Amino acid sequence: MSCGREDSRRWRRALNRALGLHTFDDKLIARLERAARVAVLTGAGISAESGLPTFRGPGGWWRNQRAEDLATPEAFERNPHLVWEWYQHRREQVAQHRPNAGHAALAELAGHVQQFTLITQCVDRYHQQAGAREVIELHGNLIESRCLQCGVPAEGATEVWRAGLPYCGCGGLRRPAVVWFGEELPAAALRRAFRAAEECTLFFAIGTSALVYPAAQLPHVARAAGAAVVEINPERTPLTPQAQWFLQGPAGEILPALLVALAGAAS
Ligand code: OAD
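Structural notes, computed from the coordinates. Just so you know, the residues in each chain are numbered from 1, in the order the chain's sequence is written. Per-residue local features of the predicted model are confined to residues with pLDDT of at least 70, and side-chain atom pairs are confined, for both listing and counting, to 80 or more; whole-chain, interface and lining totals are unaffected and use all residues. Note: side-chain values were computed over all heavy atoms of the structure, leaving out hydrogens and water.

Description of the overall build of the chain
- Strands are runs of DSSP state E lasting at least two residues, helices are runs of H or I lasting at least four, and both sets are numbered from the N terminus onward. If you tally the helices and strands in the chain, you get eleven helices and eleven strands.
- Each of the three principal axes of the chain carries a C-alpha extent, and together these read 75 × 35 × 30 Å.
- We call a residue buried when its accessible area falls under 20% of the maximum for its residue type, exposed when it is over 50%, and partly exposed in between, using a 1.4 Å probe and counting protein chains only. When each of the 267 residues of the chain is scored for burial, the buried share is 48%.
- A separation of at least 24 residues holds for 65% of the contacts in the chain among residues at least 6 apart in sequence.
- In this count, Lys and Arg are taken as positive residues and Asp and Glu as negative ones, while His and the chain termini are left out. Lysine's charge is taken at NZ, arginine's at CZ, aspartate's at CG and glutamate's at CD. Charge separation in the chain, taken as the distance between the mean sites of 28 positive and 26 negative side-chain charges, equals 4 Å. Contact definition: two residues touch when any of their heavy atoms are within 4.5 Å.

Remarks on the packing of aromatic side chains
- The pairing test for Phe, Tyr and Trp rings, Trp by its six-membered ring, is centres within 6.5 Å, and the orientation test on the planes gives stacked under 30 degrees, edge-to-face over 60, and tilted for anything in between. The full count for this structure, using the stated rule, is eight aromatic pairs.
- Centre to centre, the rings of Trp 62 and Trp 86 are 5.4 Å apart; their planes meet at 35°, and the pair counts as tilted. Of this pair, Trp 62 sits in helix 3 (residues 61-64) while Trp 86 is found in helix 6 (residues 80-96), placing the two residues 24 residues apart along the sequence. Note on accessibility: Trp 62 and Trp 86 belong to one class, buried.
- Linked through ring pairs, Phe 55, Trp 61, Trp 62, Phe 76, Trp 86, Tyr 87, Trp 180 and Phe 181 together constitute an aromatic cluster.
- The rule for a charge over a ring is simple: NZ of Lys or CZ of Arg within 6 Å of the ring centre, and within 35 degrees of the ring normal. We note Arg 90 situated over the ring of Trp 86; from NZ or CZ to the ring centre the distance is 4.5 Å.
- Positioned over the ring face of Tyr 167 is Arg 162, at 4.3 Å from the centre of the ring.

Points about the nonpolar core
- Remark: nonpolar core denotes a set of buried residues (Ala, Val, Leu, Ile, Met, Phe, Trp, Tyr, Cys) joined through side-chain atoms within 4.5 Å. Within the largest apolar cluster, 35 residues are counted, with the highest numbers of intra-cluster contacts made by Phe 24, Val 38, Leu 106, Leu 202, Phe 204, Ile 206 and Leu 255.
- Mapped onto this core, the elements with two or more residues apiece are helix 2 (26-34), strand 1 (37-42), helix 7 (101-110), strand 2 (115-120), strand 9 (202-206), strand 10 (228-233), strand 11 (245-248) and helix 11 (251-266).
- Non-local contacts of Leu 106, meaning those with residues more than four positions away in its chain, are made with Val 40, Thr 42, Ile 46, Phe 116, Leu 118, His 127, Ile 206 and Leu 255.

As structure tokens, this is what we get:
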């Protein structure tokens, strides 16, 4: 008995269903299979299954605390101890948890696409830990700090702490190497991110509430330039009505299932 491509797809769908995996629109898989340029934007939701809190979800940081007290230059000026205490706590959380299957699947997906650009609002460096290369960090990272006086960056391990604050060799106070509300995003990262959005044929928005600009603009830029937008999120967001495919569920389940479906289509 011969087994055609359509049969094989049908069997694979049945198998995925039996295994409790997600099934996907064949058109999405075909589009992904032939996409030469894919851009991905991730937000805090990609690390939720690792055990890190998001910002606006249940138990999210901004549910119990005000961004104005912790994530603005003014907050740091007013109370650097409080701000550093929060960032040190977040650094510890990141060190205690690991990247999840969603991060791993994205690192693997990169190998299937000619030009793959991973843009993140996450500051945990889990994408890189999971093997992703050339990640565009729009909001900086938690791992490093920057001297307010000379600007030199340093990794947490090399910081010298005195009376609850980290200092640079030049004597200047260090701040977390993240982007705070009211600050400009790193210009080169932003330029690369917008270029990738303009040039891709498929754009994935994963685990982001799509509320914080300019990152939230990226899927709209991609769509306006002719790309199809795929959203992966357990909840609907303001982006959902604009997405060609809304894959509702946790990224740590959907992304590996997407890889399985992609491999199935190629076999
Ligand atoms: P948010 O906390 O605003 O949104 C997280 C999104 O992830 C929500 O839409 C959730 O529904 C979704 N989510 C939760 N669990 C998920 C899962 N397992 N898989 C997929 N999605 C899941 O986080 P961001 O959109 O990243 O900025 O927030 C953007 C920026 O606002 C952050 O970078 C941060 C924050 O304030 C700064 O600190 C400057």
